[in-house]
Amino acid sequence: MMNPIELKKAVGSGLLSFPVTHFDDQLKFDEAKYRRHVEWLAGYDAAALFAAGGTGEFFSLNPSEIPQVVRAAKASAGNTPIISGTGYGTSLAIEIAQAAEKAGADGLLLLPPYLMFAEQAGLIAHVKAVCRSVGIGVIVYNRDNAVLTADSIARLAEECPNLIGFKDGVGEVDKVIEITTLLGDRLVYVGGMPTHEVYAQAYFAAGVTTYSSAVFNFVPALAQRFYGALRTGDQATVDEILKSFFFPFVALRNRKKGYAVSIIKAGLRVLGQNPGPVRPPLTDLTQEELALLDKIVQANGIERTAAE
């Protein structure tokens with residue numbers, strides 16, 4: 001496992017992604033298919049992979065399944081760091097975090113607590129408790145009902161040496177700039193909006209130069225090409241890929257609630273792979289929507305080569 005400083009450096013070195021979690025027809029974790037998928041993704045130079053993250057349906061996994069997913073990812077990812085999701089209430093988040101660490105996770109992504117809105121003092125206590133329960137690096141995810149202020153993040157960074165990262169899923173770039181300006185290089189900063197590629201240029205200007213790419217699951221070469229164009233200032237390529245792939249993809253994703261995850265598994269099906277269905281309460285794309293996604297893939301010359 002990496003120490004927190006090593007993980008921070010790795011996360012900031014390139015593009016990140018969240019492997020989907022494979023299920024069989026009975027909605028049980030399909031470890032064999034998942035391991036083949038992670039091995040395939042690791043060949044496309046992701047800086048780190050988030051096992052059992054948002055795109056990996058963390059919210060539908062039983063806590064006992066999360067270390068299984070982490071072990072499978074670690075066994076298949078080679079030298080690519082594996083960061084596990086954790087979350088819910090403080091006690092359960094600590095339990096999951098410790099189980100993930102024992103399973104070999106290099107770090108943790110702390111997702112928002114279940115449902116409850118809380119004051120900054122409560123959010124600080126929650127994050128601090130999780131950080132202090134493990135020795136591996138922790139990235140805190142600002143999103144939905146868990147939005148820490150710049151001052152709160154600064155306090156946590158001072159009190160929790162293993163807090164190594166901040167991920168934003170709120171989309172208020174002015175608040176992100178405040179955080180990056182206040183904390184400088186103390187943390188690594190990660191973009192975490194759904195289909196973050198359509199927000200990436202604004203976040204780059206705010207000092208957030210890496211992000212987690214969900215589409216990396218089924219178009220890893222395209223995802224890396226887009227990221228490379230962003231990093232090198234190749235605006236013509238950025239605009240081309242936004243228009244030909246990401247804008248129509250987002251339009252399809254926005255048709256129904258929960259499709260930010262469902263459409264990624266659908267993308268793998270279009271390529272001839274079989275990640276299995278999403279677990280309820282999510283729903284899979286319809287046949288008509290699969291056909292529309294297939295047209296987007298075809299328009300971008302993406303090969304249908306099954307990785308299983």
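Please read all numbers here as calculations on a predicted model, not as lab measurements.

Definitions and limits used
- The residue numbering used here restarts from 1 in each chain and proceeds along that chain's sequence as written.
- A pLDDT threshold of at least 70 governs which residues receive local features in this predicted model, and a stricter bar of 80 or more applies before side-chain atom pairs are shown or counted, although totals over entire chains, interfaces and linings include all residues.
- With hydrogens and water stripped out, all remaining heavy atoms of the structure feed into the side-chain values.
- Here a Phe, Tyr or Trp ring, Trp counted by its six-membered ring, pairs with any other such ring whose centre lies within 6.5 Å, and the pair is stacked when the planes are under 30 degrees apart, edge-to-face when over 60, and tilted otherwise.
- Numbering goes from the N terminus for both helices and strands, where a helix is a DSSP run of H or I of at least four residues and a strand is a run of E of at least two.
- For the exposure calls, accessible area comes from a 1.4 Å probe over protein chains only, and a residue counts as buried if that area is under 20% of its type's maximum, exposed if over 50%, partly exposed in between.
- Any two strands with at least two DSSP-identified bridges between them are counted as paired.
- Here, residues are in contact when the closest pair of their heavy atoms is within 4.5 Å.
- Side-chain atoms alone can form a polar contact between residues adjacent in sequence; in general such a contact is a pair of N or O atoms within 3.5 Å, and within protein one must be able to donate a hydrogen while the other accepts it.
- Only buried residues count toward a nonpolar core. Its members are Ala, Val, Leu, Ile, Met, Phe, Trp, Tyr and Cys residues joined through side-chain atoms within 4.5 Å.
- For a crossover, the right-handed case is the one in which the path from the first strand over the helix to the second runs clockwise, viewed with the strands pointing away from the viewer.
- Helix span, expected: 1.5 Å multiplied by one less than the number of residues in the helix.
- Directions drawn from the helix axis to the C-beta atoms are what define this arc.

Novice: I'd like a description of the packing of aromatic side chains, backed by residues and values.
Specialist: Inspection of every chain in the model, using the stated rule, returns 11 aromatic pairs. With a centroid separation of 6.3 Å and 45° between ring planes, the pair formed by Phe218 and Phe245 is classed as tilted. Taken together, the positions of Phe218 in the loop between strand S8 (210-213) and helix H9 (220-232) and Phe245 in helix H10 (residues 235-253) put the pair 27 residues apart, joining distant regions of the chain. Across the pair, exposure class does not vary: Phe218 and Phe245 are buried alike. Here the aromatic cluster, defined as three or more aromatic residues joined through ring pairs, consists of Phe218, Phe226, Phe245, Phe246 and Phe249.

Novice: Any chance you could break down the sheet that holds strand S5 (residues 137-142) for me, citing the residues and the numbers?
Specialist: Read around the closed barrel, 8 strands run S1-S2-S3-S4-S5-S6-S7-S8, paired in parallel fashion. As judged from the 2 bridges shared by strand S1 (residues 16-17) and S8, these two strands associate in the parallel manner. Directly across from Leu16, in S8, lies its bridge partner Ser212.

Novice: Tell me about the environment of Tyr227, and name the residues and values.
Specialist: Looking at where Tyr227 falls in the secondary structure, it is placed in helix H9. For Tyr227, a relative accessible area of 6% gives the class buried. Considering only alpha carbons, one finds Tyr227 and Ser213, 14 residues apart in sequence, at a separation of 9.5 Å. Setting aside its immediate chain neighbours within four residues, Tyr227 contacts Gly14, Leu15, Phe204, Thr209, Thr210 and Tyr211. Within the structure, Tyr227 has its side chain in polar contact with the side chain of Arg231 (distance 2.4 Å).

Novice: So what's going on with the nonpolar core? Residues and values would help.
Specialist: Judged by nonpolar contacts, the single largest core of 108 residues is most densely connected at Val11, Val215, Phe218, Phe245 and Phe249. Among the elements that line this core, the one with the most residues is H10, at 8 residues. Setting aside residues up to four positions removed in sequence, Phe218 forms contacts with Trp40, Phe245, Phe249, Ile264, Gly267, Leu268, Leu271 and Val297.

Novice: Help me get a handle on the pairing of strand S4 (residues 107-110), residues and values and all.
Specialist: By the alternation rule, side chains of S4 split into Gly107 and Leu109 and Leu108 and Leu110, which are all buried. Bridge analysis of strand S3 (residues 82-86) against S4 gives 4 bridges, and the strand direction is parallel. In the strand pairing of S4, Gly85 is matched with Leu109. Following the backbone out of S3, through helix H4 (residues 90-102) and into the adjacent parallel S4, one traces a crossover that is right-handed. Across 4 bridges, S4 lies against S5 in parallel orientation.

Novice: Requested: an account of helix H5 (residues 120-132), with residues and values cited.
Specialist: Over its 13 residues, H5 runs 18 Å from end to end, which matches the ideal 18 Å to within 8%, given 1.5 Å per residue. Along H5, the positions that sit buried rather than exposed are Leu123, Ile124, His126, Val127, Lys128, Val130 and Cys131. Here the buried face of H5 lies against S3, H4, S4, S5, helix H6 (150-159) and strand S6 (163-168).

Novice: Requested: an account of the side chain of Ser60, with residues and values cited.
Specialist: Looking at the secondary structure, you find Ser60 in the loop between strand S2 (48-51) and helix H3 (65-76). For Ser60, a relative accessible area of 18% puts it in the buried group. Once residues lying within four places of it in the same chain are set aside, the contact partners of Ser60 are Phe23, Glu65, Arg279 and Pro280.

Novice: Give me the lowdown on H6, citing residues and values where you can.
Specialist: Listed in full, the buried residues belonging to H6 are Ala150, Ser152, Ile153, Leu156 and Ala157. Taken down its axis, H6 places every buried residue within 160° of arc, on the same side. The exposed residues of H6 that point more than 90 degrees off its buried face are Asp151 and Glu158. Taken together, the buried residues of H6 touch H5, S5, S6 and helix H7 (173-183).

Novice: Account for the pairing of S8, with residues named and values stated.
Specialist: Burial along S8 is two-sided: the residues Thr210 and Ser212 and Tyr211 and Ser213 are all buried. When strand S7 (residues 188-191) meets S8, the two strands line up parallel, connected through 2 bridges. Within the sheet, the bridge partner assigned to Gly191 lies in S8 and is Tyr211. Taken together, S7, helix H8 (residues 200-205) and S8 constitute a β-α-β crossover, and its handedness is right-handed.

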